[in-house]
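What follows is each chain in one-letter form.
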Amino acid sequence: MTKDVADAIRERRSIRRFTSEDIPSAALSRLLEAACMAPSAGNRQPWFFYVVRKAEIRQGLVKAAFGQSFLAEAPVDIVVCAEPERSSGRYGKRGAELYCLQDTAAAIQNLLLMAEGVGLATCWVGAFDEQAVCQVLDIPKGRRPVAIIPVGYSNLSQSPQPPARRNVADVIAMVD
Ligand SMILES: Cc1cc2nc3c(=O)[nH]c(=O)nc-3n(C[C@H](O)[C@H](O)[C@H](O)COP(=O)(O)O)c2cc1C
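For the structure given in this document, a descriptive report is provided here. (Residues numbered from 1 in each chain as written. Predicted model: local features only at pLDDT ≥ 70, side-chain atom pairs only at ≥ 80, totals over all residues. Heavy atoms only, no water.)

Quick look at the overall build of the protein now. A count of helical and extended segments in the protein gives six helices and four strands. Reading the helices (α) and strands (β) of the protein from amino to carboxyl end gives α-α-β-α-α-β-α-β-α-β. When its C-alpha atoms are laid out on the principal axes, the protein stretches across 50 × 45 × 30 Å. Sorting the 176 residues of the protein into buried and exposed places 40% on the buried side. Considering only intrachain contacts with a sequence separation of at least 6, the fraction spanning at least 24 residues in the protein is 77%. Roughly 10,100 Å² of accessible area belongs to the protein as shown, and the carbon and sulfur atoms make up 51% of that amount. Computed over 21 positive and 19 negative side-chain charges, the separation of the two mean positions in the protein equals 3 Å. (Helix = DSSP H or I, 4+ residues; strand = E, 2+ residues; numbered from the N terminus. Buried < 20%, exposed > 50% of the residue type's maximum accessible area, 1.4 Å probe, protein only. Contact = heavy atoms within 4.5 Å. Areas by Shrake-Rupley, 256 points an atom, 1.4 Å probe, with all protein chains shown as cover. Lys, Arg positive; Asp, Glu negative; His and termini not counted. Charge placed at Lys NZ, Arg CZ, Asp CG, Glu CD.)

Shown next, in the form of structure tokens:
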């Protein structure tokens, strides 16, 4: 049973404390399938996912992410990569510099929302040394790590308060 999409959008929070409990591989598959359902420019699907369970690699990711230790607390880290050449093949510079990043971001958001839907906790981690992540995972040249997503069960007694959002009215221009 998953949450209604509106509830998942509203209730998803970045979680930075995890229990060590492993996550069922069926749930993990649902997350990855949701990611791969994302829209992408020209349907190029310029993404690739490293599903990291190995403890020493997760420790390596902590180092690469400037000591964000919750990456080693979670039982799984998903390293989401963009493959710029898949997009540039059809769209040139705009594909390589913009579309492939938009596409992977859409995939990440799908993954986060599906995780919320099935009761798993996540955090979108973007602060890391790209080269260090490539070294830790032996990522080939054509892939660019875009985000690291720890996935697990929250170790918090309750969901954190949502950080304040800008008012919708302040970020809208109505063009009638
Ligand atoms: C592109 C991006 C990069 C982020 N990088 C980090 C990060 O490196 N570490 C971290 O703890 N949170 C990171 N976050 C999570 C944000 O801090 C979080 O989404 C924001 O504070 C709003 O909170 P919420 O996700 O609970 O709604 C990142 C989020 C995005 C979208």
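There is more to say, and it comes next.
Take the side chain of Arg13 next. Here Arg13 lies in the loop between helix 1 (5-11) and helix 2 (25-36). No salt bridge is formed by the buried Arg13, whose closest oppositely charged neighbour, Glu116, lies at an N-O distance of 7.7 Å. For Arg13, the side chain forms a polar contact with the main-chain oxygen of Arg10, separated by 3.4 Å. (Salt bridge = Lys/Arg side-chain N within 4 Å of Asp/Glu carboxyl O. Polar contact = N/O pair within 3.5 Å; in protein donor to acceptor, adjacent residues only side chain to side chain.)

What follows concerns the sheet that holds strand 4 (residues 144-152). Taken in spatial order, the four strands line up as 1-2-4-3 in an open sheet, and their pairing is antiparallel. Of all the strands in the sheet, just strand 1 (47-52) and strand 3 (121-122) have a single pairing partner and so form its edges. Packing of helix 2 onto the sheet brings it into contact with strand 1, strand 2 (76-82) and strand 4, and relative to strand 1 it is tilted by some 165°. (Pairing = 2+ DSSP bridges. Axes fitted to C-alpha atoms, helices over the stretch in contact; angles between N-to-C directions.)

Let us look at the packing of helix 2 against helix 5 (residues 84-117). The interhelical angle for the contact between helix 2 and helix 5, taken along N-to-C directions, is 145°, at an axis separation of 7 Å. Seen along the crossing, helix 2 lies across helix 5 with a hand that is right-handed. Residues Arg30, Leu31, Ala34 and Ala35 of helix 2 touch helix 5, and the partners they reach there are Ala107, Asn110, Leu111, Met114 and Ala115. A breakdown of the residues in the contact of helix 2 with helix 5 according to their chemical character gives seven nonpolar, one polar and one charged. (Left-handed = near helix turned anticlockwise from the far one by under 90°. Nonpolar A, V, L, I, M, F, W, Y, C, P; charged D, E, K, R; others polar.)

Of the pockets and cavities examined, the largest pocket occupies roughly 210 Å³. If you go around the largest pocket, you meet 13 residues; those closest to its centre are Ile15, Glu116, Leu120, Ala121 and Ser154. Looking at the lining of the largest pocket residue by residue, the classes come out as five nonpolar, four polar and four charged. (1 Å grid on protein atoms, 1.4 Å probe; cavity = no way out; pocket = protein on both sides within 12 Å on 5 of 7 lines; lining within 4 Å. Points joined across faces, edges and corners; volume = space filled by probe spheres on them.)

Let us look at the pattern of salt bridges. Overall, the coordinates contain nine salt bridges when judged by the stated rule. Taking the shortest distance from any N to any O, the salt bridge between Glu116 and Lys3 comes out at 2.6 Å. Remark: Lys3 occurs in the segment before helix 1 and Glu116 occurs in helix 5; sequence separation between them is 113 residues. A relative accessible area of 31% places Lys3 in the partly exposed class.

Shape descriptors only; they carry no functional weight alone.
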